[in-house]
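# Chain and residue survey
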Amino acid sequence: MVSVPRIVIAAPASGHGKTTVATGLLAAYAKRGLPVAPFKVGPDYIDPGYHALAAGRPGRNLDPVMVGEDRIGPLFAHGSAGTDLAVVEGVMGLYDGRVGAGDTGSTAQVAALLDAPVVLVVNAAAQGRSVAALVHGFRSFGSVRIGGVILNQVGSDRHEALLREACEEVGTPVLGAMRRAAAVEAPSRHLGLVPVAERRSEALASVAALASLVESSVDLEAVLALARSAPALHAEPWSPEAEEPVAGRPVVALAGGPAFTFAYAETAELLAGAGAEVVVVDPLRDEALPEGARGLVVGGGFPEVYAAELSANEQLRKAVASAAAAGLPIVAECAGLLWLCRTLDGAPMCGVLDADAAMTPSLTLGYRDAVALSDSPLLPAGSRITGHEFHRTSVHPRSGLLLEPAGGAAWAWRGADPEGFAAPRLHASYLHLHWAADPAIARRVVAAAAA
């Protein structure tokens, strides 16, 4: 049984201020000395960085599409252990989920799985009494419990009074009314907000401003009381510990730093639980792999923003290429794929793959039900798993179909040509996976390193 008080922060659509409210609440409660656990619905990597900065503990993702709905409760129990409040930021609109799959993957589904009350954040900048119709519609559409509303972008005292009166008409408590505040804004670019790791001092100031804004605008006691109304949750905490950890404690390097910020907290935990000694390497600054490294895992991020700096680190690029040629097992997702290519926007990269990467004007985004086409350190051929793509780049050739007989394409999924590069000691693909979906992934990677 999990008795952690919990609240889900949702909205009618993207752009209403979920991240502002969720991060501000986390920072405000942490400032009061309350241990708080941050979560994000869906495959987002950037918002959890701001959550972690506010809460002082890792931001985690709850994605029923990627890991299955049965793991949402256990992952929540794992991430919220030892805290007195969990704040779960939703994704898109409250009822928006995977396209064509009803509410699967939606904030509403996660709220239902956690049996958690919902606070609806509404951007009321251009609304008056009509806000009542919007709130009433969201309350009556689904089965989740909307316990109150936080109004965002309120223009004046008179505007606030009008909005509060309208919400009272439909019996929905207003838990807060936030005015416009430039100090809390974070810069964005082609894949969303700029990650915390790239602007830490500015992000700290933004989070502090968010805490102040929420403290002055939101009834924190009412929100906490609503969170405490959540009933006990039947869930056994998820554990990253493998049943049979690999012996020998092989060192597995995990890419980090400003260029590689897209990673689930559970990845490092699973690698350690499978028997590895996990050591972070920053491809922007470190000129060699960690001493004794027997494997390399490179997640997502923004190498396209740092192409010149990554290219200038010639010593590490050559070290990675030499290690790959010597059989070092390497697993790379999305940004990691770009770094392993021969070039990225013309700048030399590691050259592990005979392929070139470049920025494109179009966004590739969505879940993929994938089948592994070749054996790799990640999964054996024939394995089925759901992953997620999120990038504005392309790689040519698209897959490793023309590699030597020992290798081939990484994945196939409906409606697309085979994608990625796979060989017995290499996996490089655009597809992001949440390794908690199949803990055997981490043990396979660590076993490859130990071998």
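Scope of this entry: the structure provided in the associated data block. Nothing here was measured: the structure is a model prediction, and the numbers come from that model.

With five of its five residues buried, strand S10 (residues 251–255) lies for the most part within the structure. Here S10 shows no split at all, with Val251, Ala253 and Ala255 on one side and Val252 and Leu254 on the other all buried. Here five bridges tie S10 to strand S11 (residues 277–281), and the two strands are oriented parallel to one another. Residue pairing across strands places valine 252 opposite valine 278, the latter belonging to S11. Note that the unit made of S10, helix H10 (residues 265–273) and S11 has a crossover that is right-handed. Two elements, S10 and strand S12 (residues 293–298), share four bridges in a ladder whose sense is parallel. When the sheet's bridge partners are listed, leucine 254 is paired in S12 with valine 297.

Applying the stated criterion across every chain yields a total of seven aromatic pairs. A ring pair is formed by tyrosine 95 and phenylalanine 138, whose centres lie 6.1 Å apart and whose planes are at 20°; its orientation type is stacked. With a gap of 43 residues between them, tyrosine 95 in the loop between strand S4 (85–89) and helix H5 (107–114) and phenylalanine 138 in helix H6 (residues 131–141) connect regions that are remote in the sequence. The class for phenylalanine 138 is buried, based on a relative accessible area of 17%. Residues phenylalanine 262 and phenylalanine 302 carry aromatic rings whose centres are separated by 5.3 Å and whose planes lie at 80° to one another, so their mutual orientation is edge-to-face. Separated by 40 residues along the polypeptide, phenylalanine 262 in the loop between S10 and H10 and phenylalanine 302 in the loop between S12 and helix H11 (307–312) bring together distant segments of the chain. Each member of the pair phenylalanine 262 and phenylalanine 302 is classed as buried.

Before going further, it helps to examine the sheet that holds strand S7 (residues 174–179). One open sheet accounts for seven strands, arranged S3-S2-S4-S1-S5-S6-S7; its pairing is parallel. Strand pairing shows two members of the sheet lacking a second neighbour, strand S3 (60–62) and S7, which therefore form its edges. Ignoring which end each strand starts from, the neighbouring axes of this sheet average 25° apart. Strand direction decides the pairing type here: strand S5 (residues 118–123) and strand S6 (residues 146–154), joined by six bridges, are parallel. Its bridge partner lying in S6, asparagine 123 is registered against asparagine 152.

The omega angle of the peptide bond from histidine 396 to proline 397 is -5°, so this bond is cis rather than trans. Within the secondary structure, proline 397 sits in the loop between strand S17 (384–396) and strand S18 (411–412). Here aspartate 115, not a glycine, exhibits a phi torsion of approximately 50°, which is positive. When you line up the elements, aspartate 115 lands in the loop between H5 and S5. Looking at aspartate 115, the relative accessible area reads 42%, which means it is partly exposed. Despite not being glycine, arginine 249 has its phi angle at roughly 50°, a positive value. Here arginine 249 lies in the loop between helix H9 (220–228) and S10.

To continue, consider the packing of helix H2 (residues 47–55) against helix H8 (residues 200–217). It is at 10 Å that the axes of H2 and H8 come closest, and there the two elements cross at 65°. One element, H2, and the other, H8, form an angle in the roughly perpendicular class. Between H2 and H8 lies a crossing of right-handed hand. In this structure, H2 uses Tyr50, Leu53 and Ala54 to contact H8, whose residues at the interface are Arg200, Ala203, Leu204 and Val207. Here the contact of H2 with H8 is built from residues that sort into six nonpolar, no polar and one charged.

Our next topic: the packing of helix H4 (residues 72–80) against H5. Between H4 and H5, the shortest axis-to-axis distance is 9 Å and the interhelical angle comes to 75°. Comparing their axes, H5 and H4 come out roughly perpendicular. Counting all contacts with H4, which are made through Ile72, Gly73 and Phe76, the residues of H5 involved are Val110, Leu113 and Leu114. Considering only residue class, the contact of H4 with H5 consists of five nonpolar, one polar and no charged.

Rules behind the numbers
Residues numbered from 1 in each chain as written. Predicted model: local features only at pLDDT ≥ 70, side-chain atom pairs only at ≥ 80, totals over all residues. Heavy atoms only, no water. Buried < 20%, exposed > 50% of the residue type's maximum accessible area, 1.4 Å probe, protein only. Helix = DSSP H or I, 4+ residues; strand = E, 2+ residues; numbered from the N terminus. Pairing = 2+ DSSP bridges. Right-handed = clockwise from strand over helix to strand, strands pointing away. Phe/Tyr/Trp six-rings, centres within 6.5 Å; stacked < 30°, edge-to-face > 60°. Axes fitted to C-alpha atoms, helices over the stretch in contact; angles between N-to-C directions. Parallel < 35°, antiparallel > 145°, perpendicular 65-115°, else oblique. Left-handed = near helix turned anticlockwise from the far one by under 90°. Contact = heavy atoms within 4.5 Å. Nonpolar A, V, L, I, M, F, W, Y, C, P; charged D, E, K, R; others polar.

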